[in-house]
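Observations on chain architecture
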Amino acid sequence: MQISTSSPIVLKTGRAVPQAAKVEIPLIDLSFQHQPLQSKIEQAIQGIIQRGDYILGWAVTEFEFAFAHACGCHHGVGVGSGTDAIALGLRACGLQPGDEVLVPANVPVPTLLGVLAAGVTPILVDCILETGLIDIVAAEKAISPRTRAILPVHLYGQMVSPRQLLDLASTFDLVIFEDATQAHLAEREGYRAGSVGMAAAFCFSPWKNLGGVGDGGLVVTRHHEIATQVRSLCNFGATRKHYHPYVGTNSRLDSLQAAVLTVKLSLLSRWNSDRNSLAQYYDELFSQQGTGIQPLRNDAGSGHVYERYILRVTPSSSVSRSVLQAILTANGIQTDIPMAMPCYSQPAFRGLGYSFGSFPNTDALSQQSLLLPLYPGLSLANVRRVAETVLAAGGDRQYYDIFYPCHWA
Ligand SMILES: *Cc1c(COP(=O)(O)O)cnc(C)c1O
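Scope of this entry: the structure provided in the associated data block. Small disclaimer: the values here were computed from a predicted structure and weren't measured.

Brief notes about the nonpolar core
Counting residues in each nonpolar core, the largest one holds 94 residues, and the members touching the most others are Phe63, Phe67, Leu90, Ile150, Leu151 and Val220. With six residues, the top contributor of residues to this core is helix H9 (residues 255-265). Looking at this core, you find at least three residues from each of domain 1 (34-265) and domain 2 (268-400). Filtering out sequence-adjacent residues up to four positions away, Phe67 remains in contact with His184, Phe202, Phe204, Leu210, Leu218, Val220, Leu265 and Leu268. One finds Leu285, Val313, Leu378 and Val383 within the second-largest nonpolar core, a separate group that totals 29 residues.

Structural notes on the packing of aromatic side chains
Under the criterion given, the structure shown has twelve aromatic pairs. A centroid spacing of 6.0 Å and a plane angle of 25° characterise the contact between Phe32 and Tyr375, whose relative ring orientation is stacked. Of this pair, Phe32 sits in helix H1 (residues 31-34) while Tyr375 sits in the loop between strand E14 (369-372) and helix H13 (380-395), and the two are 343 residues apart along the sequence. With relative accessibility at 36%, the residue Phe32 sits in the partly exposed group. Ring geometry for Tyr354 against Phe359: centres 5.3 Å apart, planes inclined by 55°, an arrangement best described as tilted. What makes Phe359 buried here is its relative accessible area of 7%.

Remarks on the packing of helix H2 (residues 38-51) against H9
It is the contact of H2 with H9, at a shortest axis distance of 9 Å, that shows an interaxial angle of 150°. When the axes of H2 and H9 are compared, the pair comes out roughly antiparallel. Handedness of the H2/H9 crossing: right-handed. Note on element contacts: H9 touches H2 through Ser255, Leu256, Ala259, Val260, Val263 and Lys264, opposite Lys40, Ile41, Ala44, Ile45 and Ile48. Residues belonging to the contact of H2 with H9 are distributed by class as follows: eight nonpolar, one polar and two charged.

Brief notes about the pairing of strand E5 (residues 121-125)
In terms of burial, E5 is a largely internal element, four of the five residues being buried. Two strands pair when backbone bridges link them, and strand E4 (residues 100-104) and E5 are joined in this way by five bridges, in the parallel orientation. Bridge assignment links Val101 to a residue of E5, and that residue is Pro122. Between the parallel pair E4 and E5, the chain is carried across by helix H5 (residues 109-117), and the sense of this crossover is right-handed.

Here's the deal with the site of the ligand
The ligand sits among 13 residues. The nearest are Gly82, Thr83, Thr111, Gln182 and Lys208. Interatomic distance of 2.8 Å between a side-chain N/O atom of Lys208 and an oxygen atom of the ligand.

Section: the packing of helix H4 (residues 82-92) against helix H8 (residues 224-233)
Where H4 meets H8, the axes come as close as 9 Å, and the angle between the chain directions of the two elements is 130°. It follows that H4 is oblique to H8 by the angle criterion. Seen along the crossing, H4 lies across H8 with a hand that is right-handed. Taken together, the residues of H8 that come into contact with H4 (itself represented by Leu88, Gly89, Arg91 and Ala92) are Ile226, Gln229, Val230 and Leu233.

Thoughts on the sheet that holds E14
By definition, the strands of a sheet pair up through backbone hydrogen bonds, in either a parallel or an antiparallel sense. If you walk across this open sheet you meet the three strands as E12-E13-E14, and the pairing is antiparallel. Lying at the two open borders of the sheet, with one neighbouring strand each, are strand E12 (293-295) and E14. Each neighbouring strand pair of the sheet contributes to a mean axis angle of 35°, computed without reference to strand direction. As defined by bridge partners, E12 adjoins strand E13 (residues 309-313) across three bridges and the pair is classed as antiparallel. For Ile293, the partnering residue across the bridge sits in E13 and is Val313. Sheet strands touched by helix H10 (residues 268-287): E12, E13 and E14. Its angle to E13, the strand with the most contacts, is close to 20°.

Here is what the cut-offs are and how they apply
Residues numbered from 1 in each chain as written. Predicted model: local features only at pLDDT ≥ 70, side-chain atom pairs only at ≥ 80, totals over all residues. Heavy atoms only, no water. Core = buried A, V, L, I, M, F, W, Y, C linked by side-chain atoms within 4.5 Å. Buried < 20%, exposed > 50% of the residue type's maximum accessible area, 1.4 Å probe, protein only. Helix = DSSP H or I, 4+ residues; strand = E, 2+ residues; numbered from the N terminus. Domains from an automatic or database assignment. Contact = heavy atoms within 4.5 Å. Phe/Tyr/Trp six-rings, centres within 6.5 Å; stacked < 30°, edge-to-face > 60°. Axes fitted to C-alpha atoms, helices over the stretch in contact; angles between N-to-C directions. Parallel < 35°, antiparallel > 145°, perpendicular 65-115°, else oblique. Left-handed = near helix turned anticlockwise from the far one by under 90°. Nonpolar A, V, L, I, M, F, W, Y, C, P; charged D, E, K, R; others polar. Pairing = 2+ DSSP bridges. Right-handed = clockwise from strand over helix to strand, strands pointing away. Near = heavy atom within 4 Å. Polar contact = N/O pair within 3.5 Å; in protein donor to acceptor, adjacent residues only side chain to side chain.

Set out below in structure tokens:
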């Protein structure tokens, strides 16, 4: 939400806050990633154009192999997007129409679209308020005789506990299909994202931890048959030339994207640890206060790859989220509200039959979450500036009582 106001915003201390003139600290800035790799990326693109193997070329094979191995898996199959990686990956795991799949209720829209495209029935399960990760206890309660799989989302770069997932899956004989689209090379309990379940989906849209220069996705798996089937499904359902045993689709990773991704993969671990350090600094700064504003909890330690950094503006906060966001905007700090409207209450998914209020933690997170700037190359000084602005706003009652009428709060 954008609030523009002509009256100057003045802190209790008497300091005037400058009006929102321009963004000084953006949510994300890809130029830091691209600068050191610019010439290599351009060479890679030129190479593809010279060779002309735009589709299913060598660059794709090379990237599939490199990324799958980085995840601790033998097989990777490039597809057109993360959404398709979910849809085709689920189908290749043998799930049939009518099978029930446990899905966190705070799932982003593309994940739910992928699940529906696979023809299976999503059964939504609430998340844990402090982390946003699927609540395994609630998942167990939602199991029915038709439940065949669980689809954990490693949300914002933090893996769902592999130990808990594997325990649940072995007790109830469930397939685990990981949505790792926000968790490239994330780790927890000795597992890499993508290596816990039967298969996993990754996404390489530009703003993910590893992003191409357009859309792209990948299914990783340890199982040869699953990889083979995804390879066929994404290529018109053909298993060889002129032979189509499946109703597939056209969803392949472009050689151009693959070539760029291979170049960028070389720096992914470094970028991830930068994200982790910046997030730790945020955490440290926010831990010093008791204003009801707190980050999502990190249970994965250094294995968290922070695709996003999320603050919770809780009901005990002295400032509302919309006012806090307006104050940050006025200070040149760009923020966003992730999943402002939970999937299950979107008109498109009314057919799933859930009514508003079905998932209290999901609802609370959609009302409380605020996305702060975080990207490799963001300076510690700017992290401090963001955090200090948040803290000043949260700790300063008059700041909003005076300058924002209550209908904004
Ligand atoms: C990005 C993302 C996707 C979708 O990926 P696309 O490549 O944009 O289709 C799916 N699920 C989650 C959780 C994502 O963050």
